[in-house]
Amino acid sequence: MKASFLEIVQHVPATTTMRELVTKVFALRGSGVPVESLHALPCDALLLHVHLWGDPELDRATGERSFFTGIRQAPACHSVGGDFLTLFAVLTPPGAVALLGGAPMDGLDPCVTLSRVTTLDVARSLERAVCAQPSVELALAEFARWLESRLSRRCVIPQAAWRVARVSSELSLAPSTKVGDAAQRQAVSQRQLERDMQRWFNVPPKQYALTAQFQRLLQVAGREETLLGAALEAGFADQAHMNRAVKRFSGMTPQQLLRAATGPVSATFRQAMTTHARVFA
């Protein structure tokens, strides 16, 4: 669905050293966008986003417009419309750990201001960097440079946080992986891994794996003739297991979710994310 009032601005792919940490950097710019209610779906992608709204101004770098979205455990709804400009970075689990410097997420909302999980100075430095640019293209390039600098800095990060990142990456690639097996490969008990996942990503490993499996279902559903075929390709034991997962993560039945009308903002965002995740229904 193309909309003349929405534009995706892509940045060049992350450098080779960054590709294991950042999978996508882009901006979404809207002008006079009709108000749309967005149904946010849980996914295994983590996002850093900066909301600039209208023309960026340096003196608006308050540290309150930069956000980090972790792993949602339930769907959420919010509305968007009017004029806006938002910069996005799609992070891998290791990228998220590096961005936050090993700060824990336990007990926090899925979407928080960046200053809640880093510091106010860090959030303000990001906003100053992008707000000072005269165009969205330059702001996006500066956003990527800031991100690379942040991710490549030297700092002490707990080994348990890196362990969580490794396991999360494994579960994203193979959601059917048994948690006990993943824990054994990291030389820790399953219970310890569960505590670590809860502390650093605010989600149990089984929930993370199910989220990744749900996202895989959304990707394969379009090329399968039946819901059962999609369920099996996504790794569900049967259609009943898939139905429960879809209901839990979207509040809909599989038929309702896959046939839901897609608004222009949701469709444009999905196009920008490409195959990394379906964030909105």
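Residues numbered from 1 in each chain as written. Predicted model: local features only at pLDDT ≥ 70, side-chain atom pairs only at ≥ 80, totals over all residues. Heavy atoms only, no water.

Student: How should I be thinking about the pairing of strand β5 (residues 76-91) in this particular structure?
Tutor: Successive side chains on a regular strand alternate, one facing one side of the sheet and the next facing the other. Sheet topology note: the strand β2 (residues 22-40)/β5 ladder contains 14 bridges and is antiparallel. Across the sheet, valine 25 pairs through a bridge with alanine 89, a residue of β5. As defined by bridge partners, strand β3 (residues 46-51) adjoins β5 across six bridges and the pair is classed as antiparallel. Its bridge partner lying in β5, leucine 47 is registered against valine 90. (Pairing = 2+ DSSP bridges. Helix = DSSP H or I, 4+ residues; strand = E, 2+ residues; numbered from the N terminus.)

Student: Can you walk me through the side chain of glutamine 215 in this structure?
Tutor: You can see glutamine 215 is positioned in helix α8 (residues 205-220). Here glutamine 215 is in contact with Pro42, Cys43, Asp44, Ala277 and Arg278, once residues within four sequence places are set aside. (Contact = heavy atoms within 4.5 Å.)

Student: What is the right way to read the pattern of salt bridges from this model?
Tutor: Scanning all chains against the criterion turns up five salt bridges. Among the ionic pairs, arginine 29 bridges to glutamate 7, the shortest N-O distance being 2.5 Å. One end of the pair, arginine 29, is in strand β2; the other, glutamate 7, is in strand β1 (residues 6-10), and 22 residues separate them in sequence. The partly exposed category is assigned to arginine 29, whose relative accessible area is 30%. On the basis of relative accessibility, which here comes to 33%, the residue glutamate 7 falls in the partly exposed class. For glutamate 170, the salt bridge identified is with arginine 185, shortest N-O distance 2.4 Å. (Salt bridge = Lys/Arg side-chain N within 4 Å of Asp/Glu carboxyl O. Buried < 20%, exposed > 50% of the residue type's maximum accessible area, 1.4 Å probe, protein only.)

Student: Can you walk me through the layout of surface pockets in this structure?
Tutor: Rolled over the atoms, a probe sized like a water molecule indicates the empty space that remains. Quantified by volume, the largest pocket comes out at close to 570 Å³. Elements supplying a minimum of two residues to the lining of the largest pocket: β2, β3, β4 (66-69), β5 and α12 (264-273). The element contributing the most residues to the lining of the largest pocket is β5, with nine residues. For the lining of the largest pocket, the residue count by class is 19 nonpolar, eight polar and two charged. (1 Å grid on protein atoms, 1.4 Å probe; cavity = no way out; pocket = protein on both sides within 12 Å on 5 of 7 lines; lining within 4 Å. Points joined across faces, edges and corners; volume = space filled by probe spheres on them. Nonpolar A, V, L, I, M, F, W, Y, C, P; charged D, E, K, R; others polar.)

Student: Where do I start with the state of the cysteines in this structure?
Tutor: Put plainly, a disulfide is one covalent bond tying together the sulfur atoms of two cysteines. Summed over the entire model, instances satisfying the criterion amount to zero disulfides. For cysteine 43, which is in no disulfide, the shortest distance to another cysteine sulfur is to cysteine 111 and amounts to 12 Å. A residue is classified by how much of its surface remains accessible, and cysteine 43, at 8% relative accessible area, is buried. (Disulfide = S-S within 2.5 Å.)

Student: Explanation requested: α12 in the structure shown.
Tutor: Side chains three or four residues apart in an α-helix point the same way, a direct result of the helix having 3.6 residues per turn. Across the ten residues that make up α12, a large majority, eight, are buried. By the burial criterion, the buried members of α12 are Pro264, Val265, Ser266, Ala267, Thr268, Phe269, Ala272 and Met273. Packing partners of the buried residues in α12 comprise β1, β2, β3 and β5.

Student: Quick question: what am I supposed to make of the nonpolar core here?
Tutor: Buried together is how nonpolar side chains tend to be arranged in soluble globular proteins. Counting residues in each nonpolar core, the largest one holds 58 residues, and the members touching the most others are Leu48, Leu99, Leu114 and Phe143. With 19 residues, the next largest nonpolar core counts Cys43, Ala45, Val265 and Val279 among its residues. (Core = buried A, V, L, I, M, F, W, Y, C linked by side-chain atoms within 4.5 Å.)

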